[in-house]
Structure formats: C-alpha cells, structure tokens
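Okay, here's what each chain looks like letter by letter:
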There are 4 protein chains.
Amino acid sequence: MTIKILGINGSPRKYGNTYKMLKLALYSAEYLGAKIEIIDLYEKRIEPCLGCLTDNQYACRYPCVIKDDMQEIYKIILESDGLIFATPVYWFNMSGPMKNLVDRITVFENMVYFDEYSWVEGKTAGIIAAGAESGTAMVVSSLMITLNSYGMMIPPWGFAYFTGKEDVLTDTNAVLDAINVGRVVYMAIKGEKTSRWYDPRPSFLEEVLSRVKEECEKNYKELFPGRKEKIFTLLDSEKE
Amino acid sequence: MTIKILGINGSPRKYGNTYKMLKLALYSAEYLGAKIEIIDLYEKRIEPCLGCLTDNQYACRYPCVIKDDMQEIYKIILESDGLIFATPVYWFNMSGPMKNLVDRITVFENMVYFDEYSWVEGKTAGIIAAGAESGTAMVVSSLMITLNSYGMMIPPWGFAYFTGKEDVLTDTNAVLDAINVGRVVYMAIKGEKTSRWYDPRPSFLEEVLSRVKEECEKNYKELFPGRKEKIFTLLDSEKE
Amino acid sequence: MTIKILGINGSPRKYGNTYKMLKLALYSAEYLGAKIEIIDLYEKRIEPCLGCLTDNQYACRYPCVIKDDMQEIYKIILESDGLIFATPVYWFNMSGPMKNLVDRITVFENMVYFDEYSWVEGKTAGIIAAGAESGTAMVVSSLMITLNSYGMMIPPWGFAYFTGKEDVLTDTNAVLDAINVGRVVYMAIKGEKTSRWYDPRPSFLEEVLSRVKEECEKNYKELFPGRKEKIFTLLDSEKE
Amino acid sequence: MTIKILGINGSPRKYGNTYKMLKLALYSAEYLGAKIEIIDLYEKRIEPCLGCLTDNQYACRYPCVIKDDMQEIYKIILESDGLIFATPVYWFNMSGPMKNLVDRITVFENMVYFDEYSWVEGKTAGIIAAGAESGTAMVVSSLMITLNSYGMMIPPWGFAYFTGKEDVLTDTNAVLDAINVGRVVYMAIKGEKTSRWYDPRPSFLEEVLSRVKEECEKNYKELFPGRKEKIFTLLDSEKE
C-alpha cells in the first residue's frame, strides 16, 4: 500500500527557505517510497474559521459551512497518511494562511462529538519553520501541540527549523534536519521498528539537494519578476 | 489633549466572551476620560502579509502594497495612543484575522529602516484573550512579545484572559482584570506616577458591567439569528 | 517483553492534581500490561545544568559531571520504554525541579556527538500539566518540543492538562484525558496498528479512579500535616 | 533620587553571551545615571518553590518560608526600581536557577491577598536571552508575561536576544539591542516623555562595549580554568 504524504506550504515565496526545507523533506519521503503532494496555501482561498462550536459544539463538523478551497484541501488531507506543515515565521508565529488552515481543520477533530474519533487521528505529522529572526521554536511548539491535539502522532525529531537570512541550502545541519523530517514521517507511518531516527548521511542527500536547488532556481526565475513588480511598487529604485 | 484608545476585536461573535472583555476594558477607559473606538476584524477584508521584506528589507513600508481595509485601519492605528488587542483562542493561538492584522502592522515597525523609528513605537498596548479551553496564556505571551517588538509599551497587568465556556460576566476576577486593562492602558498613556496599578473595586464597575451586558444582549438578538442560519446549516435539528 | 513506563512527578504535593493525573495515566498503563515506576523530583537532589556544552560541545555527555541523584535517575530513564512528564504550572511554566531534570537529560541527547544517536531516541513520551490558572498549554508545548528534540516520539493525544482549583478527579474529561495518556504511551510502544487513539469509556476507569482517589487521600493524611507545619509558619491562624 | 537597576544573571558562565548582553544593558543604564547591581544566580542557593498557595492562598507571602539566599535577594529586589532578567536558553526555556527565582518571587505578587497590591508592581522590567539555537523568543515571551503578571511594566523594546554560537559582541544589532534594554528601562523609570525608544548610535557605545569586553576577558581568564577542570573531567583529551 502506498504511503501518501502531503506537504502544506504556508509561505508566499516558492523559492524561499520554508519552501526549500519542505521540498527537502518531501523529496526524501518520495525517495524512500512515499507518494507526495504539495499544497501552496497562498494560491488558495481559505476563509478564517467562524468559531461556530463556541455557539454550539455540534455546529462544527465536516464539511465546514464555508465553501471555499478548503473543501478540496479537506479531501486531500483525509487521503494522506502523513502531513508536513511548513511555515515562515511572521512575528514569532505561523503565517496567516497557515493559521486559517489550522483552524479550519477543526471540523475533522470535532467529529469526536459525532463519531467518537477524530477524522485525522493516527496520522503522522512533521513541522518545518524558517525565519530571518528568532521565533522558529515558538512556531514549532505551537503547531506541535495543535497537531497532537488533532490526534496526530509526532515522530522523533519530527520538526526542522532554520533561523537566518542566508540560503538554508548552504547550512548542512538544517538541510539534514529537513531531510530527516520527511524520513521520520515516512518511517513512523510504515511502523518501522528502529531505535535510529536520525540519519546524518542519507544516501540520497546530494540527489535531493540538487533537485530542490534546481527547482527553486527555476521557480525564482519564473515567479520573482511578477512578485517583484507587485511588492516593489513603492520602492525607490536606488534602494533595491 | 484627548487620549485615544482603539480596541481591535478578533472575534466573529460580537456577543461572546472576547468581545465582552474588550468592551469592559474600553468602556472603563472611556469612563476615565479616553476617546474610544472599536474595529471588528471579521467585518473587514484583511489579506495575509506577503512577506515582501524577506525579498528586500526596504520593500515593506507604509502604506502596504496590498490595498484592502488595512488602509483605513492603518490610519486609525496611527491616530491612537493606546491599542487593546482582543482575540478568541483558536488552537492555543489568536484567530486568523488577528494574525493577518498583526503581520500587516509590520509596515509601521519596518519604518525603522527609513526613519530610524517605528511608527507605532511608544504607543501603549493591552491584550485580551478568551477561550473555552487552555491556551489563553500562549496567545497573550505571543501577542505581548510581538507588540513590544513593534515598540509598544506594556503597562503593569496589561492583559486579561478567561478560560471557560460560561459567560465571562459572571466571573468577578475576569471582569475586574478586563476592566483593569482599560484602566492601566489609560493610566500609562497619561503618564500617571503611581505604584497602584490594580483597582479591585473600581467605582464604575456596575455601570460598565451593565452597559456591556445590555449591549451584548442586544447584539446577540440582532446578530445571532443570521449567524445561526449560516453556521447550523448542517446541524441535525435534534442536536441544536 | 515487559513494557516499562516511568512517571516523573514534578509536583511537591503528592496528593494534588498533577500527581493525581500522573497516577491515573500510570495505573492505566499498568492495567494494560506495563511495568510502572514513579520518581518524585521534590524528594531528590537535582542540581541545575552547568551548560558545559556551550564551552565545548564534547564536554556534555553521560554520565554528567554533577554527581547527585540524577545518576540514579539516569539509569531508570535508560531502562524505560516510555516516560510521562508531569508538572504543576508555576508562572506559565514547569516547576524548577522539572526544569533541572529536563536540562540534565541533555547528556543523553548530546551523545549524538559521540555515538551518532541520542540515548533516549525512540522512547515514547507523555505530558501532564495541572494549574490553578492559565498556562497549561504553554507548559505542554514547551515540554513537547523539548522531548521531541531529545528524539522521543509523541503519540496521538500524548498530553493531558487541567486548569482549575477544584479536584481534578471530579472533572470527567480531565480524568479521561489523563487515563488516555497512559494508554497511548503504552499503545505506541507496543506498536499497535490502530486508528483509534482515544478511549472515551475505558473498562478500567472506575478501578483506576478509585485507586488514585484512595492513594491520594492516604498521602494527604500522611504528608499534609508535616507540610502544613512547614508552609503555614507565617500564616495568621484566623486566615487558615 | 537615584534610579536603581538590578541585573539578574541566570547563566553559569560569567564570560558568555548572556552575561555580556546583561552587562551591556547595565553599564548603559549606569552611564545614563542609574545605580546598578548584579546578582549571579549560580553563585546563590535558591531552593525551588513549594507551591504553598495551592494548599492555601494565604500561605504564600513575604518572606517565604524557605530560608536560603532568596532572603537577601528579596531585599535587593524590593529596593530596585528596575530589573533586568538575563538567561541562557536551555531547551527553549530559561535556566533552572532563573526558574527557581521566578517562582520564588511569587511571595511579592501574592501580597495582593494581604495588602491589595503586589510588592513589585510598578517596577520596570527588561529581559535578555542568549542561546546557541532557537528558543530565545520562547524564553523572552514566557518571562514577559510572567513579569507583567507580577505587576511590572515592560518598556518599548524591553528585551534583547541573540541566537548563535559566536561572540555576541561581534554582532552589532545584538549589541545595540542589549544596550537599548538598559536605556529603555532607565527611561521608563525616569518617566521620560518621548516617542523615541531606540537609539541606533548611542554616544557611549564604544565605551560600554570595551568595558564589557575587558571585563569578560578578565572573567574568562580567572574563572574558566576552574570551570574547565570541573566540566572536562570526562573529556578525551584529543577532543578538547
């Protein structure tokens, strides 16, 4: 039976450190045998949670009353054995689209009131966070308690983070950590009996690394010009 | 000179505990002499932050490249001496609209790269969080480090929280804490020299309390029917 | 092969809510087949971590340079398949003795620099936190990211918390959550293939509950008089 | 009237980054006119909090039932107008001695039950955290909500952190942030009316920097040999 692992990208930059680390994890899982898929939250319309269950505990259930792109994402989540949540660090916390996703997943967890189990329980979760400044651990711990509260399992070293402005691909430890996230999520789903959960020299390191490098360079070339036009409207040319 | 205090409501329920605590704080500040205003984030369109500054530190500045309701909110924030951020607790964290607001305020803080000061520095901030389950302290501490990083001052006991499903107005401590948030924000702005920052029996307690009670009952009557129709679409009638 | 689960009690009150929840978890695991053991940190001498690895990454390794009761605790930890960390909430955080324990476990994790694996990796961890006020989720998330960083696995719903001053044994949800922590830690170690990780009506509920009740009443009778004498030295008799 | 600012050092290394940042802050405050003092927690005996107030809210009050070095520290805290808490990051959290200190300060806060005010309310607090890896923001936010809950005020940019293994004195931003903590704590106590809370080029930068550099080099020479002997007992000579 194929193991399906879903990567959820909460970054608007499909060439940045968050995206790179997520892809390192996903490609490693793929290398090991998983079927992978990625969702880019910034390309979806995800409305904020309406907090229905505060009015009535039974008002919140799958499928959510809000009919937006979550309806499609819900289906992909249900089919996945493992999920890797990747987010940039904005003010010591996840990005807004990731926050909306996290809150909207409540419909699965709240099924405990109808079916006595959470529809996402037993799935395995990994977490990735990258930021220019401090806050990565705050994001990871906030996501970890949340995913575990959904009923998800967190495998040993189930997260990777990177703090800094430089290219994460130049930081060996961060690269290995990200790769390992894909690996442990895969291993935990497979139910491998092992006491070795960190691989300091995966055989597929170079392959995965160059694949991510290439893809992100391509993405940058394709996507940055349009993005630049948008974000630099106000920028004095001399400061670019 | 009139002291202006802005309440930012991150809850979709204008009759719930978050809203009630925010109004307790605001009316107390008003009673003491402040001019108050409230913004309901769920009634605004606030797009998520695009993380421009990760591409270029100078790309992020006031006014943001995104033209949505933040443009109007930015102006109100700039004119305010104090701000009280109030949010429900969704998964140990603030609501999505509050997260988007927090991230979009970056344009003010990032003005340090242009003007050598943050456009919101020196403002005084209060925080309110209410949730059915644990997580209030996580939300408060996450907001507190963020607001302080903007350059805002946090007065003694600058926050109030409530954990529980019951009506917060029946909990004397939570009511007093919320009232006190409005009070300390006002006092700090006024620059009062005092070593007494908590008032356990404010003279205006009853007045403020009944004003909030009345308003929220009215809001409930007006707003809940429409909301109910929306959120209970899927609900079996017998479980309502 | 017997599954060994160690409970680590970070509370000074062996009749309080933290202790009760920990015992609910442990007795449930025992009921399912585990061999259980408990360590009461307040009865041990555990010096604070000296941060040796900041001077030299290789200076920190098992056994720690500090010769105190951790030497005995280290051995018990190594022999355990699962560990349940239970702490009261002191200022939104774990107790001091729990903090010292957490830091001193670094010697196991830092063995990655000598053996390429953490000596506690692959063990399964559960978390319990009880406090009179908010902060339980902060403690849980702080412990969760730490234990996961040691290389430990967090099973679905691997934690339980309780916020309040009343007896936790009167709160059905908190009791079930605590019992379930013992259960999921045991199940994860056993490697059970299941998608049901929460048991809302464990057959052994009454048995475990009355066992904990009885034990804590006995502890209270035996231990509180001595404790009372110590802590109430300064207390005006009329306020007792 | 002289403004008194107390630095509380939670690091065992009186030549490390935490200590350096604390000294930058303190000397800056001194330069501006404050009388400064420093307490090194690792040189004191501070027992863990016994959680008396969980048994009886009135059992916790100044002076604590535990007679250790806190008795002397309590007096210094009471006499201080401002306090700067500095800690290394151990597992995303403060050090054990800092945790014990934080918990033992409860005796001042709990005086609200006797005197209707916290004995430390209205004091101004600054926070410093330094760590080799992520977690600085978690420590800062945990301390910030705690100090604010004591009744302390947090001035704009009331904290500084540094993540990394290199010497913090080589990082201009971290140095400026640390210096600024001393400055804003001093300014807030003095009640200065200003909207400029960050000084990017303090006139006393070089003076303070070289003073800290010199002192820490001296400390290293004096203290490291003894420390080395202690921590490297187990270290293979070739790995030193």
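Thresholds, definitions, all that
- Sequence order sets the numbering: in each chain, residues are counted from 1 along the sequence as written.
- Following the order in which they are written, the chains are lettered starting with A and the ligands numbered starting with 1.
- Two thresholds apply to this predicted model, a pLDDT of at least 70 for residue-level local features and 80 or more for giving and counting side-chain atom pairs, whereas whole-chain, interface and lining totals are computed over all residues.
- Excluded from the side-chain calculation are hydrogens and water; included are all heavy atoms of the structure.
- Helical segments are the DSSP runs of H or I of at least four residues, strand segments are the runs of E of at least two, and each set is numbered from the N terminus.
- Within these notes, the globule rule equals 2.2 Å times the number of residues to the 0.38 power, and the radius of gyration is based on C-alpha atoms.
- Partly exposed residues are those whose accessible area sits between 20% and 50% of the maximum for their type, while under 20% is buried and over 50% is exposed, using a 1.4 Å probe and protein chains only.
- Contact between two residues is taken to exist if any of their heavy atoms lie within 4.5 Å; hydrogens are not considered.
- Salt bridge, as used here: a side-chain nitrogen of Lys or Arg that lies within 4 Å of a carboxyl oxygen of Asp or Glu.
- Strands were regarded as paired on the criterion that DSSP finds at least two bridges between them.
- Axis angles are defined between N-to-C directions and span 0 to 180 degrees, where every axis is a line fitted to C-alpha atoms and, for a helix, only to the segment in contact.
- The span you would expect from a helix comes to 1.5 Å times its residue count less one.
- By buried area we mean how much accessible surface two parts lose on assembly, using a 1.4 Å probe and totalling the loss over both.
- N or O atoms within 3.5 Å of each other form a polar contact, as long as, within protein, one can give a hydrogen and the other can take it, and as long as residues adjacent in sequence are counted only when both atoms are side-chain atoms.
- Polar here means any residue other than Ala, Val, Leu, Ile, Met, Phe, Trp, Tyr, Cys and Pro, which are nonpolar, and Asp, Glu, Lys and Arg, which are charged; Gly is therefore polar.
- Least-squares superposition of the copies uses the C-alpha atoms of those residues scoring a pLDDT of at least 70 in each of them.
- Any angle that is under 35 degrees is reported as roughly parallel, and any over 145 degrees as roughly antiparallel; angles of 65 to 115 degrees are reported as roughly perpendicular and all others as oblique.
- For any helix crossing, the convention is left-handed if the near helix is rotated counterclockwise from the far helix by under a right angle, and right-handed if that rotation is clockwise.
- Working definition: a ring pair exists when centres of Phe, Tyr or Trp rings (six-membered ring for Trp) sit within 6.5 Å. Plane angles under 30 degrees give stacked, over 60 give edge-to-face, the rest tilted.
- Lysine NZ or arginine CZ positioned within 6 Å of the ring centre and within 35 degrees of the ring normal marks a charge as sitting over the ring.
- For the purposes of this analysis, a disulfide is any pair of cysteine sulfur atoms at a distance within 2.5 Å.
- The pLDDT value tells you how sure the predictor is about a given residue, anywhere from 0 up to 100.
- Note on bend: the value at a residue is the angle between axes fitted to the seven residues ending there and to the seven starting there.

This part takes up the overall build of chain A. A tally of regular secondary structure across chain A gives nine helices and five strands. In chain A, the order of α-helices and β-strands from amino to carboxyl end is β-α-β-α-α-β-α-α-α-β-α-β-α-α. At 18 Å, chain A has a C-alpha radius of gyration in line with the 18 Å of a compact globule built from 240 residues. Dimensions of chain A, computed from the C-alpha atoms along their principal axes, are close to 55 × 50 × 30 Å. Here chain A, with 240 residues, has 66% of them falling under the buried criterion. Restricting to contacts in chain A with at least 6 residues of sequence separation, those with at least 24 account for 76%.

This part is about the pattern of salt bridges. This model, assessed by the stated rule, comprises 52 salt bridges over all chains. For B:Glu116, the salt bridge is made with D:Arg201, and the minimal N-O distance between the two is 2.7 Å. One end of the pair, B:Glu116, is in the loop between helix H6 (112-115) and strand S4 (124-131); the other, D:Arg201, is in the loop between helix H8 (172-190) and helix H9 (205-231), on a second chain. Its salt-bridge partner being D:Arg45, residue D:Glu47 comes within 3.3 Å of it at the nearest N-O pair. Overall, the relative accessible area of 31% leaves D:Glu47 in the partly exposed class. For D:Arg45, a relative accessible area of 45% puts it in the partly exposed group. Members of the salt-bridge network, linked through shared partners, are A:Arg13, A:Arg227 and B:Asp55.

Residue and element names in this part refer to chain B. On the basis of which strands lie adjacent, the open sheet formed by five strands has the order S2-S1-S3-S4-S5 and parallel pairing. Edge positions in the sheet fall to strand S2 (35-40) and strand S5 (159-163), since each of these pairs with one other strand and no more. Geometrically, the sheet is characterised by an average inter-axis angle of 15° between neighbouring strands, direction not taken into account. Bridge count for strand S1 (residues 4-9) against strand S3 (residues 82-88) is five bridges, and the pairing is parallel. When the sheet's bridge partners are listed, Leu-6 is paired in S3 with Leu-83. Lying over the sheet, helix H1 (residues 17-32) contacts S1, S2, S3, S4 and S5, oriented at roughly 160° with respect to S2.

An ideal rise of 1.5 Å per residue puts 21 Å on 15 residues; helix H7 (residues 136-150) of chain C measures up with 21 Å between its terminal C-alpha atoms. H7(C) sits mainly inside the fold: 15 of its 15 residues count as buried.

Okay, the interface of chain C and chain B next. Facing the 10 residues of chain C at the interface are 10 residues of chain B. Note on chain C versus chain B: buried area summed over both sides is about 780 Å², and carbon and sulfur give 63% of it. Looking only at chain C, the three residues that lose the most surface to chain B are C:Ser134, C:Met138 and C:Tyr161, adding up to 53% of its buried area. Seen at the junction of chain C and chain B, the total is four residue pairs in polar contact (both at pLDDT 80 or more). Elements with a minimum of two residues in the side of chain C that touches chain B: H7 and strand S5 (159-163) of chain C. Among the elements that make up the side of chain C that touches chain B, the one with the highest residue count is H7(C) (four residues). Broken down by class, the residue content of the side of chain C that touches chain B amounts to four nonpolar, five polar and one charged.

With that settled, the discussion passes to the interface of chain D and chain C. Across the boundary between the two partners, chain D contributes 51 residues, which contact 51 residues of chain C. Across the chain D/chain C interface, buried area totals approximately 4400 Å², and carbon plus sulfur atoms make up 60% of it. For the pair chain D and chain C, the interface holds four salt bridges. Between D:Asp55 and C:Arg13 there is a salt bridge, with its nearest N and O atoms 2.9 Å apart. The interface formed by chain D and chain C contains 21 residue pairs in polar contact (both at pLDDT 80 or more). When grouped by side-chain class, the residues that make up the side of chain D that touches chain C number 26 nonpolar, 13 polar and 12 charged.

All names here are of chain C. Read from one edge to the other, the open sheet built from five strands follows the order S2-S1-S3-S4-S5, with strand pairing classed as parallel. Of all strands in the sheet, those bounded by a partner on one side alone are strand S2 (35-40) and S5. Going across the sheet, the axis of each strand differs from the next one's by a mean of 15°, ignoring polarity.

What follows covers the relation of the copies chain C and chain B. It takes a turn of 180° to lay chain C on chain B, together with a shift of 0.0 Å along the axis; the resulting RMSD is 0.0 Å. Given the turn and translation reported, the copies of this chain are related as if by a two-fold rotation axis. In terms of proximity to the rotation axis, the leading residue of chain C is C:Met138, whose C-alpha is 2.8 Å off the axis. Looking at the interface residues of chain C, 100% of them are also at the interface in chain B, so both copies use one shared face.

Here we take up the packing of helix H1 (residues 17-32) of chain A against helix H9 (residues 205-231) of chain A. A pair of packed helices is characterised by two quantities: the angle between their axes and the separation of those axes. All names here are of chain A. It is the contact of H1 with H9, at a shortest axis distance of 9 Å, that shows an interaxial angle of 135°. With respect to H9, the axis of H1 lies oblique. The hand of the H1/H9 crossing is right-handed. Here H1 contributes Tyr-19, Lys-20, Lys-23, Leu-24, Tyr-27, Ser-28, Glu-30 and Tyr-31 to the contact with H9, which in turn contributes Glu-207, Val-208, Leu-209, Arg-211, Val-212, Glu-215, Cys-216 and Asn-219. Within the contact of H1 with H9, the residues separate by chemical class into eight nonpolar, two polar and six charged.

For the rest of this paragraph, the subject is the packing of aromatic side chains. Under the definition given, this model contains 60 aromatic pairs over all chains. Ring plane angle 85° and centroid distance 5.1 Å describe the contact between C:Tyr150 and D:Trp91, whose orientation is recorded as edge-to-face. Here C:Tyr150, found in helix H7, pairs with D:Trp91, found in the loop between strand S3 (82-88) and helix H4 (96-104), and the two come from separate chains. The class for D:Trp91 is buried, based on a relative accessible area of 16%. Chaining the aromatic ring pairs together yields one cluster made of A:Tyr62, A:Tyr74, A:Phe108 and A:Trp119. If you follow B:Arg211 out to its NZ or CZ, it ends over the ring of B:Tyr27, 3.5 Å from the centre. Between D:Arg196 and the ring centre of B:Tyr117, over which it is positioned, the NZ or CZ distance is 3.5 Å.

A few words on the environment of C:Phe114. Residue and element names in this part refer to chain C. Mapped onto the elements, Phe-114 comes out in helix H6 (residues 112-115). The exposure class of Phe-114 is buried, given its relative accessible area of 17%. A sequence separation of 53 residues divides Phe-114 from Arg-61, and the C-alpha atoms of the two residues are 8.4 Å apart.

What follows concerns the state of the cysteines. In total, this model carries zero disulfides over all chains according to the counting rule given. There is no disulfide at B:Cys52, and the cysteine sulfur nearest it, in B:Cys64, is 6.4 Å away. In this structure C:Cys60 is a free cysteine whose sulfur lies 6.5 Å from that of C:Cys49, the closest cysteine sulfur available. Among the residues examined, C:Cys60 registers a relative accessible area of 11% and is labelled buried.

The operation relating chain D to chain C is a screw motion whose rotation component is 180°, with 0.0 Å of axial translation and a residual RMSD of 0.0 Å. Interface residue correspondence from chain D to chain C reaches 100%, placing this contact among same-surface, isologous pairings.

What follows deals with the confidence of the model for chain A. When pLDDT drops low, the exact placement of atoms in the prediction is not to be read closely. Taken as a whole, chain A shows an average pLDDT of 95; of its residues, 97% reach a score of 70 or greater. Confidence metrics for the complex model read pTM 0.97 and ipTM 0.96.

Residue pairs spaced three or four apart in an α-helix point in one direction, given the helix's 3.6 residues per turn. For H9(D), the principal kink sits at D:Phe224 and spans about 40°; a proline, D:Pro225, occurs within the next four residues. All buried positions along H9(D) are accounted for by D:Leu205, D:Val208, D:Leu209, D:Val212, D:Glu215, D:Cys216, D:Asn219, D:Phe224, D:Arg227 and D:Ile231. In this structure, the buried residues of H9(D) make contact with helix H2 (52-55) of chain C together with helix H1 (17-32) and H8 of chain D.

Glancing now at unusual backbone geometry. In the segment running from C:Tyr62 into C:Pro63, the intervening peptide bond is cis, with an omega of -5°. Tracing the sequence through the fold places C:Pro63 in the loop between H2 and helix H3 (70-79). Positive phi values are uncommon outside glycine, yet A:Glu116 reaches one of about 70°. What makes A:Glu116 partly exposed here is its relative accessible area of 38%.

By secondary structure assignment, the location of C:Arg227 is in helix H9 (residues 205-231). Considered as a pair, C:Arg227 and C:Pro12 are 215 residues apart in the sequence and their alpha carbons are 9.7 Å apart.

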